[in-house]
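# Structural features, examined
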Amino acid sequence: MSSSLSSLSPSSHPLSPYGWDAGWDAEFAPYADQGLVPGRVLRVDRGQCDVVTVDGTIRADTEFVVPRDPAKVVCTGDWVAVDPDGDPRYVRTLVTRRTAFLRNTSSKRSEGQILAANVDHALIAISLAVELDLGRIERFLALAWESGAQPVVVLTKADLVPDPATRGHLVADVEAASPGVQVLPVSATAGEGTDVLQALVAGGTSVLLGQSGAGKSTLANALLGEDVMDVQSARDVDGKGRHTTTTRNLLVLPGGGVLIDTPGLRGVGLWDAETGVGQVFAEIEEFAAECRFQDCAHEAEPGCAVLAALEDGTLAERRLQSYRKLLRENRRIVAKTDARTRGEIRREWRVKQAQGRAAMDAKRGRLH
Ligand SMILES: Nc1nc2c(ncn2[C@@H]2O[C@H](COP(=O)(O)OP(=O)(O)OP(=O)(O)O)[C@@H](O)[C@H]2O)c(=O)[nH]1
Ligand SMILES: [Zn+2]
């Protein structure tokens, strides 16, 4: 089965609706040679996962791919090599990821740190129904860049801003905060802009990020062409008794592309996204490259190109402040993570020591 599989051209591959392409085909070749079959992970729970393969969706055991590093745990969106048959079938290898979304590493739990793998587009849903918070957009952009996915800002509920001039200003403000990113006003209710979004997501795997109430479920339903996601009803905007989306899934979109919607992704904080932060503030990094000192903090240093840009108005004060704030916040998270990891290592040590002692005691008991 596997040998005939790899001889198929990737576009005619039965898994191409799930994102299989020539790249994955090449990446998978060594596993195909071992007689393994490819599959994409739809969901993971308690050591098992649902994997879509050419034989349909199978249940597979992840026992053989349990890593020490929680960031390498099999997750939704992963491509894996599974046994061609058997009961249960086993995941044998995790195919190297192209991109990955990691949970805020300051979270207490170390398991489930990886939220989604092999995401091409991160759709950041920002509601036009409330006042724009550019700082929040920049924060989402940072973690999207950090994952390796291409961010897209979707300005939702555009029907609530019908005046073209007002809408134009809002879009321009968001664009200024999002270099290198497409900003797309969409109204799911009026069916406006959804076709553009549909075309955009058709070429890969997407996730939806954004605050609660930003309109992610509504967008997902618009892309899916049916009501798969729970949409919170308007009178529940205070959050009381509202449905939280529990579907954890990878869905094939009828217009092409794949949508991953996991609950963890919805409540995202900022990851250790230092490189991501740099990309969000690309223009600041460009100025910084011109600073006289390589380690310039852009505070009061002589020959600081960032401060010069601020002075002559090429750089907006708000952007620099936002940049500093995100970097500070990110450093705090990283520091916390390091402390947590050290704590974990110490705990592991103690457990091992206790086990060693127990083994020694047992031995002595036997000797006496
Ligand atoms: N006017 C208008 N309202 C919208 C639009 N899209 C979503 N809404 C409303 O916004 C509210 C929140 O939408 P949801 O799709 O549930 O938001 P969400 O981001 O999925 O929220 P969580 O599930 O809590 O993360 C609902 O009352 C929707 O009806 C739109 O295009 N126009
Ligand atoms: Zn400087």
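Residues numbered from 1 in each chain as written. Chains lettered and ligands numbered in written order. Predicted model: local features only at pLDDT ≥ 70, side-chain atom pairs only at ≥ 80, totals over all residues.

- Naming follows an unreviewed UniProt entry, where the protein appears as Small ribosomal subunit biogenesis GTPase RsgA of Streptomyces boluensis.
- For the protein, the Sequence similarities (unreviewed entry) comment in UniProt is given as "Belongs to the TRAFAC class YlqF/YawG GTPase family. RsgA subfamily."
- In its Subcellular location (unreviewed entry) section, the UniProt record describing the protein reads: "Cytoplasm". (UniProt positions renumbered as here; feature names shortened; annotations may be inferred.)

## What about the pairing of strand β8 (residues 121-127)?
- Of all the seven residues making up β8, seven are buried; the element is thus mostly covered by neighbouring parts of the structure.
- Judged by which residues are buried, β8 turns out to be covered on both faces: H121, L123, A125 and S127 on one side and A122, I124 and I126 on the other are all buried.
- Both β8 and strand β9 (residues 150-156) contribute to a ladder of seven bridges, which runs parallel. When the sheet's bridge partners are listed, A125 is paired in β9 with V154.
- One crossover worth recording links β8 to the parallel β9 by way of helix α3 (residues 134-147), and it is right-handed.
- Taken together, the four bridges between β8 and strand β11 (residues 205-209) define a ladder with parallel strand orientation. Residue pairing for β11: L123 is matched across the bridge by L208. (Buried ≥ 20, exposed ≤ 12 C-beta atoms within 10 Å, placed from the backbone. Helix = DSSP H or I, 4+ residues; strand = E, 2+ residues; numbered from the N terminus. Pairing = 2+ DSSP bridges. Right-handed = clockwise from strand over helix to strand, strands pointing away.)

## Section: the UniProt feature "binding site: Zn(2+)" (unreviewed entry) in the protein
- Residues annotated in UniProt with the feature "binding site: Zn(2+)" (unreviewed entry) correspond here to C291, C296, H298 and C304.
- Counting through the fold element by element, H298 comes out in the loop between α9 (282-288) and α10 (305-311).
- If we ignore the near neighbours within four places in the chain, the residues touching H298 are A288, C304, V306 and L307.
- In this fold, C304 is placed in the loop between α9 and α10.
- Take C304: there are 21 C-beta atoms within 10 Å of it, and that puts it in the buried class.
- Setting aside anything within four residues of it in sequence, one finds C304 in contact with C291, C296 and H298. (Contact = placed C-beta atoms within 7 Å.)

## Some thoughts on the sheet that holds β11
- Overall, mixed pairing links the six strands, which are arranged β10-β9-β8-β11-β13-β12 in an open sheet. If you trace the sheet from one side to the other, it starts and ends with β10 (182-185) and β12 (249-252), each paired once. Neighbouring strand axes in the sheet, compared pairwise and without regard to direction, differ in orientation by 25° on average. (Axes fitted to C-alpha atoms, helices over the stretch in contact; angles between N-to-C directions.)

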